[in-house]
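Summary of the model geometry
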Amino acid sequence: MGKSVLLAFAALAAASIVSAHGNITSPPARLPGAAMAKACGQTGVTAVLQDGTIPLENLLPAPASCQLFLCRGALFADNTARVQTFTAGQVVPFTAIIPIPHEGPANVSIVNTATNTIIGTPLLVFDSYADENLPALPANNTAFSVTLPTGADAAAVAANCAVAGACVLQWFWFGTAAKQTYESCVDFTFQAAAAGAAANTAAPVPAVVQSNGAAGGVVQAFGVTPAKRWVDRRFAGRGRH
């Protein structure tokens, strides 16, 4: 076999390893840039630029300065022009692309970027997400919405998320069998209520748990789920969500 054929085969093999998997396309999510390159290395940035849907495991090993388990290493400094402004009770629609599904738990949460911890409880939880064994993915796997907190929960978010870069809406998905982690982050600032408006004293909005069955979009239950507990156990003591 000639050298050129071997090189071509190696290139194809490498391409198959980094095949697309999934990420958020709307609202505008963090992208890699110069700040990420300084923290994580140019190799990782180049890999994400070539395929924005790769799992964070493809970027391992990473230097200690790289926070891979927060937004897959993407940093606010590279994304100051992509900050969104949200208010209490606002419904935020998301669009995801999942070219290669891997079944596992997923959630969307408000994350404090200084501590890499969830504020409150996840806004949306899938016990089972992106199941490759289904004939087609449910519509709610790639088009879904979250409702931002109200009442006391909104006050807690506002106290932490008034300044751009302090918080993100993070889409987190772990492919159980594939052992691959996917994260996309949306930077935002938050207001608990408009100026002069009466305080919202409604009960906090619990996390919505959706099915990944053939019908899709079926609300099953509310509250903390096995998926959330599983995520907590996996990252216990590591500040990762």
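Residues numbered from 1 in each chain as written. Predicted model: local features only at pLDDT ≥ 70, side-chain atom pairs only at ≥ 80, totals over all residues. Heavy atoms only, no water.

1. Here's the deal with the side chain of threonine 189
Our working definition: Helix and strand labels come from DSSP, where a helix needs a run of H or I of at least four residues and a strand needs a run of E of at least two; each type is numbered from the N terminus. Contact criterion: two residues are considered in contact whenever any of their non-hydrogen atoms come within 4.5 Å of each other.
Structurally, the position occupied by threonine 189 is in strand β9 (residues 180–191). Not counting the four nearest positions on each side in its chain, threonine 189 is found in contact with Val83, Gln84, Thr85, Phe86, Cys161, Ala162, Val163 and Ala164.

2. Quick look at the sheet that holds strand β1 (residues 23–26)
To be explicit about the condition: Strand pairing is assigned whenever DSSP identifies at least 2 bridges connecting the two strands. Whenever a helix is involved, its axis is fitted only over the stretch in contact; in every case the axis is a line through C-alpha atoms, and angles between N-to-C directions fall within 0 to 180 degrees.
With antiparallel pairing, the three strands of this open sheet are ordered in space as β1-β3-β7. Each end of this open sheet is capped by a strand with a single partner; those strands are β1 and β7 (143–147). Ignoring which end each strand starts from, the neighbouring axes of this sheet average 45 degrees apart. Two strands pair when backbone bridges link them, and β1 and strand β3 (residues 91–97) are joined in this way by three bridges, in the antiparallel orientation. Counted as the bridge partner of asparagine 23 is isoleucine 97 from β3.

3. As for the state of the cysteines
Here a disulfide denotes a covalent bond joining the sulfur atom of one cysteine to the sulfur atom of another. Cut-off, in case you're wondering: The criterion for a disulfide is a pair of cysteine sulfur atoms lying within 2.5 Å. Residue exposure (1.4 Å probe, protein chains only): buried if accessible area is under 20% of the type maximum, exposed if over 50%, otherwise partly exposed.
Evaluation of the coordinates by the stated rule reveals three disulfides. One disulfide in the model links cysteine 40 with cysteine 66; its S-S distance is 2.0 Å. The sign of the 85 degrees torsion about the S-S bond sets the cysteine 40-cysteine 66 disulfide as right-handed. Within this pair, whereas cysteine 40 is found in helix α2 (residues 34–40), its partner cysteine 66 is found in the loop between α3 (42–50) and β2 (84–87), the two being separated by 26 residues in sequence. Residue cysteine 40 is classed as buried on the basis of its relative accessible area of 12%.

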